[in-house]
Amino acid sequence: MAKSKFEYVRSFETDDTCLKNCYIVVRLDGRNFHRFAEQHQFKKPNDDRALGLMSRSARSVMEELEDIIISYGQSDEFSFVFKRSSNWFKRRASKLMTHVASQFSSSYVFYWKEFFGEQPLLYPPSFDGRVVLYPTNRNLRDYLSWRQADCHINNLYNTVFWTLVQKGGLTTTQAEDRLKGTLASDKNEILFSEFNINYNNEPVLHRKGTALIWEKREETVSKRMKLPNEEEKEVPVTRSRRRVEAFHCDIIGEQFWEEHPDVLEDDA
Ligand code: DGT
Ligand code: MG
Ligand code: MG
Ligand code: MG
Ligand code: MG
C-alpha cells in the first residue's frame, strides 16, 4: 500500500519494550488520595470499604488483562506483576501500564456502589502508574517485601496516631509531636500500656495488605447429557478452574512462597 507523506511521523515514536526474562511490575497509586479520603469520609486510619474496592478493582485487572501472576496492594496503591515470559502487547511498557491503570480506574468507579452503597462518588478518581523490571525472583520478592514493610510501618504509625487522637484526646499536632523520633517498639508500647491494644491483634488486612494470586480449583457440576441409545441423564463433570484468591498474610518470609510454588517461575 502506498504510504502517505505523513507516514514518517511514526519514526518519532520511542521504543519502550521491556527487557526479556524480567518480571514486569506495574504499580498504581491513587492521585491525591489524602483529599479523596477526606472528601469521601474514609474511616481513619483504615476504611474497609475503600480497601475492599481497591481489591475488587485489582481482581478485575487480573481477570481482564493477560499474564498477571500476583498483585499486592495496601492503602491507595496496588502492584501488578506480569510473568517473565509474557509477550502481551509485545512487552511495551506504555501499553501494559496504561491498560492496568485504565482498567483499574474504571473498575474503581464501576464497583463503587458495591462498597459504598448510596454514598455518592463526588468526582472521578485517578491513579498514576509506573513500570519497574526485576530480573530475579530474589529482586521481585524484595520488591514485594518492600511494599509490605511500607504497609506495616505506615499502619503502625497511623494506628498509634489515630488512637492518640480518637481515644487519647490529643490534637493531631500533639499526636505528631508525641510520635516524633519513636521506634516501632515505642509505638507498640504506647498502644499496649496506654490503650490496652496489642498491635498484633489488629486486623490482618490492615497490617499485611492484600495479595491476589491465581488458584486452581477442582469444580464438579452435573450436566444433562444424552448419549446415543440412552435416556438423557445427569452426569457429574469435573473441571479445573482458575480463580483469583485473596490473602492477607506475610509475604516477606518463605512460608507463603512455599505454599504457592506456582506463582513464580524458577530463575533460569
Ligand atoms: P499522591 O499519591 O502523591 O498523589 O498523594 P496522596 O495524597 O495519594 O498520598 P499517598 O499515596 O502517599 O498516601 C495515600 C493517602 O491516602 C494518605 O493520605 C491516606 C489516604 N488513605 C489511603 N487509604 C486510606 C484509608 O483507608 N482511610 C483513610 N482515612 N485514608 C486513606
Ligand atoms: Mg505518592
Ligand atoms: Mg496516592
Ligand atoms: Mg499511596
Ligand atoms: Mg486501537
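Note that this is a predicted model, so its numbers are computed, not measured.

1. Side note on the environment of N21
- Along the polypeptide, N21 turns up in the segment before β1 (23-30).
- Counting along the chain gives 115 residues from N21 to T136, while the straight-line C-alpha distance between them is 8.8 Å.
- Beyond its immediate chain neighbours, meaning those up to four positions away, N21 contacts R84 and P135.

2. Some words on the UniProt feature "binding site: Mg(2+) 2" (unreviewed entry) in the protein chain
- Feature annotation in UniProt places "binding site: Mg(2+) 2" (unreviewed entry) on D29 and D76, given in this structure's numbering. Spatial clustering of the annotated residues is evident: they stretch over 48 residues in sequence, but the largest pairwise C-alpha distance comes to 5.6 Å.
- Among the secondary structure elements, D29 is positioned in strand β1.
- C-beta crowding within 10 Å serves as the criterion here: with 14 such atoms nearby, D29 is assigned to the partly exposed category.
- If we ignore the near neighbours within four places in the chain, the residues touching D29 are D76, E77, F127 and D128.
- For D76, the location among the structural elements is in the loop between β2 (68-74) and β3 (77-82).
- A count of 20 C-beta atoms within 10 Å places D76 in the buried class.
- Residue contacts for D76: discarding those within four places in its chain leaves D29, G30 and F33.

3. Looking at the packing of helix α5 (residues 137-166) against helix α6 (residues 172-179)
- For the pair α5 and α6, interaxial distance at closest approach is 9 Å and the crossing angle is 135°. It follows from the interaxial angle that α5 and α6 lie oblique. Once α5 is placed against α6, the crossing between them reads as right-handed. Only T172, A175, R178 and L179 of α6 make contact with α5, whose side of the interface consists of Y157, V160, F161, L164 and V165.
- Grouping the amino acids of the contact of α5 with α6 by side-chain chemistry returns seven nonpolar, one polar and one charged.

4. Observations regarding helix α2 (residues 48-64)
- Between its terminal C-alpha atoms α2 stretches 24 Å, which fits the 24 Å expected from 17 residues at 1.5 Å a residue.
- Among the residues of α2, A50, L51, L53, M54, S55, S57, A58, V61 and M62 are the ones counted as buried.

5. Considerations on helix α7 (residues 184-195)
- In this model α7 runs 16 Å from its N-terminal to its C-terminal C-alpha over 12 residues, within 8% of the 16 Å that 1.5 Å per residue would give.
- Count one or two residues on from α7 and you reach N196, which has phi positive near 55°.

6. Focus on the nonpolar core
- Of all hydrophobic cores here, the largest spans 32 residues; its most connected members are V26, F80, V81, V100 and F104.
- Among the secondary structure elements, those contributing two or more residues to this core are β1, α2, β2, β3, α3 (93-110), α5 and β5 (210-225).
- The element that contributes the greatest number of residues to this core is α2, accounting for seven residues.
- Among residues more than four places away in sequence, those in contact with V26 are F80, L96, M97, V100, G129 and V131.

7. Overview of the site of ligand 1
- With respect to spatial proximity, 17 residues lie near ligand 1, and among them F33, H34, A37, F42 and D47 are the closest.
- Mapped onto the shell around ligand 1, the elements with two or more residues apiece are β1, α1 (33-39) and α2.
- Looking at side-chain class alone, the shell around ligand 1 contains six nonpolar, five polar and six charged residues.

8. Regarding the pairing of β2
- A large share of β2 lies buried, amounting to seven of its seven residues.
- Two successive antiparallel strands, β2 and β3, enclose a turn made up of two residues, where S75 displays a positive phi of approximately 50°.
- For β2 and β5, the ladder comprises four bridges, and the chain directions are antiparallel. Counted as the bridge partner of Y72 is A211 from β5.

Criteria and cut-off values
- Residues numbered from 1 in each chain as written.
- Chains lettered and ligands numbered in written order.
- Predicted model: local features only at pLDDT ≥ 70, side-chain atom pairs only at ≥ 80, totals over all residues.
- Helix = DSSP H or I, 4+ residues; strand = E, 2+ residues; numbered from the N terminus.
- Contact = placed C-beta atoms within 7 Å.
- UniProt positions renumbered as here; feature names shortened; annotations may be inferred.
- Buried ≥ 20, exposed ≤ 12 C-beta atoms within 10 Å, placed from the backbone.
- Axes fitted to C-alpha atoms, helices over the stretch in contact; angles between N-to-C directions.
- Parallel < 35°, antiparallel > 145°, perpendicular 65-115°, else oblique.
- Left-handed = near helix turned anticlockwise from the far one by under 90°.
- Nonpolar A, V, L, I, M, F, W, Y, C, P; charged D, E, K, R; others polar.
- Expected span 1.5 Å × (residues − 1).
- Core = buried A, V, L, I, M, F, W, Y, C linked by C-beta atoms within 7 Å.
- Near = placed C-beta within 6 Å.
- Pairing = 2+ DSSP bridges.

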